[in-house]
Amino acid sequence: GENVEQHPSTLSVQEGDSAVIKCTYSDSASNYFPWYKQELGKGPQLIIDIRSNVGEKKDQRIAVTLNKTAKHFSLHITETQPEDSAVYFCAAMETSYDKVIFGPGTSLSVIP
Amino acid sequence: EPEVTQTPSHQVTQMGQEVILRCVPISNHLYFYWYRQILGQKVEFLVSFYNNEISEKSEIFDDQFSVERPDGSNFTLKIRSTKLEDSAMYFCASGRDDGYTFGSGTRLTVV
């Protein structure tokens, strides 16, 4: 089955700096790669996703890149703000309604 | 924006007791899921439900677990005889073919 690895496990950045989280996956059948943000006491919230026919996608300060050949994908957050502090999970799935295979998470702290 | 609603937000139960966790999915969604997250660990898939039947379940989802969609709106997870290791956050999710939405979770504490 699918296995998703994620690095780093914790990340601290100064407000205004960029943050990058990297993931790898094992199953070449995976075609949908969502990223979730989880704030304390809440459920995972989808912040951006990318499908295998696209190499990059951007939404304001958030961008994702996908290298399907290498089975790598990354989340980039620019101009970080304190409210970006949360746990971020990458995931890989065959379809957008398949079970979500989460990575282990990255705890991001943005220091004011 | 439509939400997935879960009740209760926190449930404390005695070991060996039955618990039912409730979820109201988004109304036009077709796929329904339960996940759990043990404190400090990643979110794990339990079960998916489509067309009024289980479509997939994980090895965690043993005979102690069951799901129902009794009235076309609610989606429930039942744990028949709770164990200490069932203590976790349980998340319901619902979706269509363009991704899905998670609820805020029920924190289950088994004592």
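For the structure itself, consult the block above.
Let me begin by describing the structure that accompanies this report. (Residues numbered from 1 in each chain as written. Chains lettered and ligands numbered in written order. Predicted model: local features only at pLDDT ≥ 70, side-chain atom pairs only at ≥ 80, totals over all residues. Heavy atoms only, no water.)

1. Focus on the sheet that holds strand β8 (residues 75-79) of chain B
All names here are of chain B. Sheet architecture is open: 4 strands sit in the order β1-β3-β8-β7, paired in antiparallel fashion. A single partner strand is all that each edge strand has here, and the edge strands are β1 (5-7) and β7 (65-68). Averaged over all pairs of adjacent strands, the angle between strand axes in this sheet comes to 20°, irrespective of strand direction. Where strand β3 (residues 19-24) meets β8, 5 bridges bridge the pair, whose relative direction is antiparallel. Each bridged residue has a counterpart across the sheet, and for L21 the counterpart in β8 is L77. (Pairing = 2+ DSSP bridges. Helix = DSSP H or I, 4+ residues; strand = E, 2+ residues; numbered from the N terminus. Axes fitted to C-alpha atoms, helices over the stretch in contact; angles between N-to-C directions.)

2. Topic: the packing of aromatic side chains
Applying the stated criterion across every chain yields a total of 20 aromatic pairs over all chains. Where F89 of chain A meets F102 of chain A, the ring centres are 5.7 Å apart and the plane angle is 80°; that geometry is what we call edge-to-face. One end of the pair, F89 of chain A, is in strand β9 (residues 86-92); the other, F102 of chain A, is in strand β10 (residues 101-102), and 13 residues separate them in sequence. When the centroid spacing of 5.8 Å and the interplanar angle of 40° are considered together, the rings of Y100 of chain B and F102 of chain B count as tilted. (Phe/Tyr/Trp six-rings, centres within 6.5 Å; stacked < 30°, edge-to-face > 60°.)

3. Re the pairing of strand β2 (residues 10-14) of chain A
All names here are of chain A. Side-chain alternation along β2 places L11 and V13 on a buried face and T10, S12 and Q14 on a face that remains uncovered. Sheet topology note: the β2/strand β11 (residues 106-111) ladder contains 5 bridges and is parallel. Considered in β11, the bridge of S12 is made with S109. (Buried < 20%, exposed > 50% of the residue type's maximum accessible area, 1.4 Å probe, protein only.)

4. A few points about the nonpolar core
General note: in soluble globular proteins, nonpolar side chains tend to be found buried as a group. In terms of nonpolar packing, the biggest core is built from 25 residues, with W35, F73, L75, Y88 and L108 of chain A touching the most fellow members. If you list the elements that add at least two residues to this core, you get β2, β3 (19-25), β4 (32-38), β5 (45-51), β7 (62-67), β8 (72-77), β9 and β11 of chain A. V4, V19, C23 and I60 of chain B belong to the second largest nonpolar core, which has 22 residues in total. (Core = buried A, V, L, I, M, F, W, Y, C linked by side-chain atoms within 4.5 Å.)

5. Structural notes on the sheet that holds strand β6 (residues 56-59) of chain A
Residue and element names in this part refer to chain A. The sheet built from 5 strands is open, its strands ordered β1-β3-β8-β7-β6 with antiparallel pairing. Two strands bound the open sheet, and with one partner strand each, they are β1 (4-7) and β6. Here the average twist between neighbouring strands, direction ignored, is 15°.

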